[in-house]
Amino acid sequence: MLNIISYNTAWPQEFATIAQQLRAALGNLALRIDHIGSTSVPGLAAKDIIDVQVTVQDFTHTAQLIDILSSLGYTWIERITGDHVPPNYQGAETDWQKIVFRHPTTQRPTNLHVRAQGRPNQRYPILFRDYLRAHPVASAAYAQIKQALSQRHPDDVDFYYDIKDPLCDIVIEAAYDWAHTTNWQPGPSDG
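Residues numbered from 1 in each chain as written. Predicted model: local features only at pLDDT ≥ 70, side-chain atom pairs only at ≥ 80, totals over all residues. Heavy atoms only, no water.

Participant: I tried to follow the environment of Val-54 on my own but got confused; where do I start?
Facilitator: Looking at the secondary structure, you find Val-54 in strand S4 (residues 50–56). When the C-alpha atoms of Val-54 and His-113 are compared, they prove to be 6.2 Å apart, with 59 residues separating the residues in sequence. Sequence-distant contacts of Val-54, defined by excluding residues within four places in its chain, comprise Leu-22, Leu-26, Ala-30, Arg-32, Ile-33, Leu-112, His-113, Val-114 and Arg-115. (Helix = DSSP H or I, 4+ residues; strand = E, 2+ residues; numbered from the N terminus. Contact = heavy atoms within 4.5 Å.)

See the structure below:
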């Protein structure tokens, strides 16, 4: 069931706790650990699930990564192998490859996304987050749409993402323009 709630000021600290544990376990395998998704945007309503992105150099150490995360209680979701590919994307499908893990049963709800450095899907959620942080009107409109979708179809997750994914593609186009105009670059890792 989809449940969008008001922004919780505890989310950044909850992410920091998770990131600290991941940093200690993953060491140099993790080039970056970032708080992404709606819980990373102050004031934005969201599902009460912390989204974490771990950036790796590439996927050559996947087995080691899975072993380390499994030892922490994370569960690899093997059926999810990539992100939604935006319409008219001209690059390789592997540009959207990722590995996803479900949180340990002893941890607050978390989605852990592992993406490779420099790929479009690694940059996308960081730029998306930073754009919404800098544009409160876009953030508020995004929240309104998510809340309306979750209220009208609370049990239809596929419907929610059928609308939300193209909406994110519209927002990211504005974010690309903003990034170009402002010479935006990802700041330091959150964790």
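Participant: Would you mind going over the pattern of salt bridges with me for this structure?
Facilitator: Side chains that differ in charge, positive against negative, can pair when their charged atoms come close. Following the criterion strictly, the structure yields eight salt bridges and no others. Residue Arg-108 pairs with Asp-48 through a salt bridge whose shortest N-O separation is 2.6 Å. Here the residue Arg-108 occupies a position in the loop between strand S6 (99–102) and strand S7 (110–116), and Asp-48 occupies one in the loop between strand S3 (46–47) and S4, the gap between them amounting to 60 residues. Judged by its relative accessible area of 17%, Arg-108 is buried. Among the charged side chains, a salt-bridge network with shared partners connects Arg-129, Asp-130, Arg-133 and Asp-190. (Salt bridge = Lys/Arg side-chain N within 4 Å of Asp/Glu carboxyl O. Buried < 20%, exposed > 50% of the residue type's maximum accessible area, 1.4 Å probe, protein only.)

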